[in-house]
Each structure stands twice: as structure tokens, then as C-alpha cells.
Amino acid sequence: MLKNYFKIAFRNLWRQRAFSAINLLGLAVGMSSFLLIFSYVSFERSYDAFNTNAQRIYRLYCDTKTPTETIYTGTSSGRAAPDIRRSFPQVENEARICFMSFLVQNGTKKFQEDQMLGADSTFFDIFTFPFLKGNPATALQNPYSVVLSHTGAQKYFGNTDPMGQSLLLNGRVAFKVTGVMKDIPANAQFHGDYILSMNSFAGPGRLFGEGWDNNWGNFNWFAYLLLKPGVDAQKLEASLVPFVNDKAGQITKETGMSYTYHLIPLKAVHLGPTRDNYGEGEPTGSKTNTDIFSIVGIFILLIACINFINLTTARATERAREVGIRKAIGAMRNQLTMQFLGESILLCLFAFLLSIGLCNALHPLFGSLLGKSIPLNAVGAGGYILLLLGISIGIGILAGTYPALVMSGFNPIAVLKGRFKSTGQGLALRQTLVVFQFTISTVLIIGTIVVYKQLRFMQNQDLGFNKNQELAINFSSDSTVRANVEPIRQALLNTPGVQGVTFSMCAPGNSPNNWYLQVANNRGEMQGCNLNFYVVDFDYFKHYGIKMAAGRTFSNQFATDSGHALIINEAAARSLGYSDPTRAVGQKFNMWGNNGTIIGIAKDFHYRSLQEMIQPLAFRILNPGFYSIISVKLDGAHIPQTIAALGEKWRTLSPQQPFQYSFVDEDFARLYTSEDRFQRVFIYFGMLAIFISCLGLLGLASYSTIQRTKEIGIRKVLGASVSTIVGLLSKEFLKLVFIALLVASPIAWFAMHSWLQDFAYRTTIAWWVFPLAAITAVLITFLTVGFHSVRAAVANPVESLRTE
């Protein structure tokens, strides 16, 4: 009997192969899309979960409150974590890391490494990074020790054993290799191929001197606490308030700044709230975008399920005569029920197997779209495959229930006499599902338009400075370049195609340092504040076209401008209480024990992503030891030739420093990489959802046309035109699409309005977005339905009526 069921099922699927193909393809594409999306969502939510003690690791971060604002940071002071560990028995261990940049050399191999980590000796006691060579417990105990990743070891030592060998940093300090670890997993919140012992930099006679990491007011560290089992993190966080007030009380008294420390679970950092004033060491994820992708994945699967159910129930009525014959010769109702359910489940299982194949085939393309190498085992994760298998069987049961229960109960005599017709309930169900399906598709169309509009808004926004044809040469901390600023400036200016040269600590688009100083506020008090800082030269403002709101820029005509003058932006002036920027000019400041005067207020410009509000920023001219970037303005005529000439000249000027450069406009574009990828993935999956909807519509239109073949023939004989018949057949589907548009519009507006709130500077949801989405939906519907409508309208009516 079972063999007979399978034989009949395969025969029916083959007889209706066009509909079977539509059903199979639509469901398989929906399932594979769901699996790909949820592999990405699962990957994003798995960040840092590989650490053995992930449940007990918390990151320590600080909010700094000044008299006029609160500065939200993702960092901690150098003193906080060690002092907390010593004072609170609930803390088992602590470790700090900071990001560093050095020129690294081993023999003839020399590279500028911008992603190096300084870490405490306890780093490997907290985080789980398996070692290939060396002892993690002692690898970072001694000064001038470095642990390499497998990739880092291969880069500098090849197949030679690196243990005990040295790497030269900045041409003057040798670090001994004390360990080799596996590469840090992709789903970690920080990465680095070189882990340097923190005690190499802090302490008497060390690289950065005593007190570098021993200050409650210096926020350059990412600090982590490992709590003992069973400790309540919220209670510990509450206990930190009086502790910090006691430890940092003197700073609060002197500066008016107070600190509040928080604990965030390690696994919550990647998708946690963005800390506005200090960037993360690496870009974090977006919980909002991850949630949106989850919803899109579920929507696509729902659309595919609706298609399958609609087409299966619609085609079931054509098998009424088969049911009547089988019942007339003795088939039992439960046998017919099993037959219909079996056919539906079988097709769903075929779609499931096809979706696994599609998923694995599309995995590399999906990874390139996201800009992330999602491990293949994430795509083949057993949990989601089992879930999808269960969904497949569930869809098969749902789709097969209507024909199984309704048709198996038909009166065989009535059916065989031809008195059977489709029920109004079945038609209403299919129409409801089509409305629901196109509601989802329309929401995705509107969402796609808004996402595209927001990205274009950010990319085309006037940033307040000139970023085009700007080449930024990164020489990091090369002492030769810093000692020869003017000769190098003149040599670069003499290169054909170069229009201007300026030295600075960083170019717009790079993360600036954050330094503490005291500035006179609008009440005449010396207010302590932590400001983002650019150390620049005299040409910086003119070079980048940064405009002034009040006062003047730096000038070499004033001897005090070097070291004793300060320029702040309008945001900084507002944070000091000056509503009129001109009143801030001439006010005093004190920084690192040196007094000076504010000489100008720069107009606010976007030096970081438009996702963030413009933050307070300050500029100073200090000694060349702070410079690490040379900005070169090109004329734009022969850029490749100019870059080649600059490279040749650079190798003469600084043979020990690699010629590393980037374009400022490209650096800014990289700030929106995640939004650009989100837009592309959203568009592609939105198109897939529409494609699946169209497959279902195509199948239903074909079914409707076949059902009305004789009606169309009679209408043509009576003189109906092709356009009349096309309109007749298309009208019922267009009516459903219009209902979907009315339902989808407010849902889409609310969803996209909420999404835009994550951006400090955002576009508006213009009125024309909804008519455009409506036109798109109607056009797609008409083109899909129109194919079968026109085909039926131009058919010879004799062919459809000759059997009557």
C-alpha cells in the first residue's frame, strides 16, 4: 500500500510538473533564504561565546559627567580594573587591553601593523585562545614579550620556529616571542595577530613611562572582569558607585567631573548599545539590523509557505473526479487523507533537500555580501536544519490538510455527476493569504526604498570639509619623519600633481585621541572636560577647507599659537555653556600644566560617521612628535602617476617606513560599510521575497485562467476584446494587491521610522515613497498575471468550447 501511495504521488507531481516546479522552487528558495539569514543572525549572536568563562566575564566601562554633559564611553581608566580586583573579593581576575600601532620588522620583512594589542599578563587567564606553542599562564609576564597568532607567526617567520626569536618595533625595541596561539575567532569583539605584554609600556624606564596606566582620569583601556561563580553583577555594579567616588574624588573636586562605572556581559558587547564618544576597538554589530534580518527571514519563509499552501489547495479541486472514482471502488477516507498528506509532505521534503544544496552553494556569495567569513558549519548548524526539517513537515501537513479532510469527504455520486465546484471558503482563504503575502512584500519594497535613501543621504551629506583628492600617508610614529617635517613637506610639495601638504595626528574619518584639560566655561569657572583632539600644523584648516564660526585659525605669525593656543568646535563651545561662539574666543584653558587661550571656534564638521552626533573637538599645535599622518592634496589630473611619484620619493625620504596611504573619501566611505552591506542584503532578500510572491501569483493566475477557460471562450464569441478579458482576469488580483498596500503602508512607515532613529542625522520618509511602492507592486502584479491573461485572451475560443 505504501509503495502504491508513493507511485501515485510521483505520477501526480509529474503530471502537474509546472505547478510542482513552481511549488518546489518557491519553497526551496524561501527555506534556503531563511537558513542563510539565520546562520548570519546566529553568528552575530554567538560573539565571544567561545570563551570558556563567557558567562562570568564582564566588560567595565565608564560614563563621565561634566557640568554640562555626560560622555558615554566604552572604555575604562587604567586604574579602575586593578583597584576593583584588589578591593572586591567577588572579582576573581581582571585584564586590560589597548590597541596599538607599530612598525614591525624581522630581518628584511617589515610591515606597519595597526591592529596590535597591549594586554595584561592575566589576559589568557580570562580569555580562551588556545596556544600552539608556549605557556599562556606565563607568556605575558615579562616585559617586552609578544604572543603571535598563527597568521602573525607565518607572516614574519614562515615555517621557522618563532619561539625565543625577536621582533623589532619601530626600529628600536625588541620583543621576544613567548607564545604562538591559534588565530582569534572571527566572532570575537577584538582581533590582533600580536599580543604585547602591557608591562613593556608602563613603569620606570619603560616605553611610556611610569603612571601611563596608573591614572583614574585616563580612558584608553578596555577592561574586563572575571567574576567568581554565583556573583550578582548588578549588586557589584551598585557597590562600585561609592568605591569610585572615593578613589576618584580628588579628580571630581578639582575638575567637576564625576565617573559612573558599569558592567556589561561579555556576550552582550557586540550587539549592545553604541557608546557615543569613544569608538570601539572594532566595529560592533547592530541589534536592530540583526532583528530586522530575523524578521525578513521569517517573512520570506512565510511567503514561501503561503505560496505552497495556496497552490496546493487550489490544485486539489482538479482531483475531485479522482477522489470520486477511488471512493466508488472502496477507498476509505483515512486512506485518501494519508494519500494527500503524503504527497504534500513528500514535495516539502524535496524542497527541504534542495534548500540545503542551494544554501551551501550560495554561502560564499552570501559571505561576500556581508563582508564576513561566516563559517560553513554555521550554515550547516544542526539546530536550524532540524528546525527547517520540522517546518517542512509542518508545511506539508498544513498544505495537505484541506484536500485531505475536505475532498476525502466528498459524496462520490455528486462528484462523478459533475456537480462539484470550489467552495467559497477555500477561495476566501486563498485571497486572505495572497493579501497577507503581498502585505509583507510591500513592506519590504518600502523598507528597501527607505534604506537606500538613508545611505545616499549619508554618502552625499555635506561633511563641512573637503575630502576629495586627499591622500593620507600613515607614517605612524616614525621618528625620522617627525624629525624632518619641513624638508619632507617641501619635497612632497615639489612632486608634480601635488597641491598641498599638511601634517597632523589624524585625518578626518580617523578616531582621534581623547585628552583631559580644563577650560573656562560661561560662568568663568575652569571646567574639566575630556575632548577629542587633533594635533595639527598651521596649514591644516586651509588644507581641508574647515570654516571658522568665530575667531581665527592657527598662524605662524603668532609665536604663542604653537603650544599655547586652542581651537574648539561649536559642539565643544556649547558643552561649555556658550550659546554664542564669539564669547568663547579669548577664554583660558589649562592642559598638562600649560596655560593658553582659545583663539577660534571652528564650525562643526562631521569627522566621524553620521550615525553619531558631532562631538566636542579641539585642535592644538604641539611638537612634531604627535604627528602620524601626512595629508596630500592631489590635483586629480594624473592620480596614478602622482601616487607612483610620491611612493618613489617616500622611499628616498623614509627608507625604513613603508609607503602606506589611503584616500580620505574612501576612509569615510568605510564608516558606512555596515550600512552599505545592510542595504545590499536587505535589497537582495527583498527581491527574493517579491520573486517568491510572484511565483505564487503566477501559479494562482494560471489556475484561475484554466478554471475560467470556457467562460473566456464564451465572452470572446460574444465579442469581448483582448483588453477586456485581460482586465477581467487581472482585476481580482489587483484588488487584493491594493488591499495589501493599504495594510502595508502604516506598518512600513512605523518600522522604518523606528529604524531611522538609530541615526543622529537621517533622511525623511517622503510621501512619494508610498506611491512608488504602490506602482512597483501593481506593475509586478500586472506583469506576472498579465502573462497568463494575455495568453488566455488571444486563444482560439473554438478550442475551449468544442467539448460543449
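Report on the accompanying structure.

### Section: the pairing of strand β21 (residues 629–634)
When you tally the buried positions in β21, you get six out of six residues, the bulk of the element. What you see with β21 is no split at all: Ile-629, Ser-631 and Lys-633 on one side and Ile-630, Val-632 and Leu-634 on the other are buried throughout. Where strand β12 (residues 470–474) and β21 come together, five bridges link them in antiparallel fashion. Within β21, the residue paired with Asn-474 across the bridge is Ile-629. As paired strands, strand β13 (residues 498–504) and β21 are joined by six bridges and run antiparallel to one another. Paired with Thr-502 across the bridge in β21 is Ser-631.

### Quick look at the pattern of salt bridges
Summed over all chains, the structure comprises 18 salt bridges. One salt bridge connects Arg-96 with Asp-120, and the closest N-O pair in it is separated by 2.8 Å. Taken as a pair, Arg-96 in strand β3 (residues 91–106) and Asp-120 in the loop between β4 (109–119) and α4 (123–126) lie far apart in primary sequence, 24 residues in all. Between Glu-525 and Arg-523 there is a salt bridge, with its nearest N and O atoms 3.2 Å apart. Residues joined in a network through salt bridges with shared partners are Glu-486, Arg-489, Asp-537 and Asp-539.

### Observations regarding helix α21 (residues 664–671)
In an α-helix there are 3.6 residues to a turn, and that puts residues three or four apart on one side. Every buried residue of α21 is accounted for by Val-664, Asp-667 and Phe-668. Buried residues of α21, seen end-on, are gathered within an arc of 100° and therefore sit on one face of the element.

### What about the environment of Asn-220?
Considering the arrangement of structural elements, one finds Asn-220 in the loop between β9 (194–197) and β10 (222–227). The sequence separation of Asn-220 and Gly-78 amounts to 142 residues, and the corresponding C-alpha distance is 7.2 Å. Ignoring anything within four residues of it in the chain, the contact list for Asn-220 reads Ser-76, Ile-97 and Cys-98.

### Some remarks on the sheet that holds β13
Pairing in this open sheet of four strands is antiparallel, and the strands run β13-β21-β12-β22 from one edge to the other. The open sheet has two edge strands, β13 and β22 (661–663), and neither has a second partner. In this sheet, neighbouring strand axes are inclined to one another by 25° on average, regardless of whether the strands run parallel or antiparallel. Across three bridges, the pairing between β12 and β22 is antiparallel. Across the sheet, the residue bridging to Ile-473 is Tyr-661, located in β22. Across the sheet, α21 touches β12 and β22, and the angle it forms with β22 is around 75°.

Cut-off values and rules
- Residues numbered from 1 in each chain as written.
- Predicted model: local features only at pLDDT ≥ 70, side-chain atom pairs only at ≥ 80, totals over all residues.
- Heavy atoms only, no water.
- Buried < 20%, exposed > 50% of the residue type's maximum accessible area, 1.4 Å probe, protein only.
- Helix = DSSP H or I, 4+ residues; strand = E, 2+ residues; numbered from the N terminus.
- Pairing = 2+ DSSP bridges.
- Salt bridge = Lys/Arg side-chain N within 4 Å of Asp/Glu carboxyl O.
- Arc of directions from axis to C-beta.
- Contact = heavy atoms within 4.5 Å.
- Axes fitted to C-alpha atoms, helices over the stretch in contact; angles between N-to-C directions.

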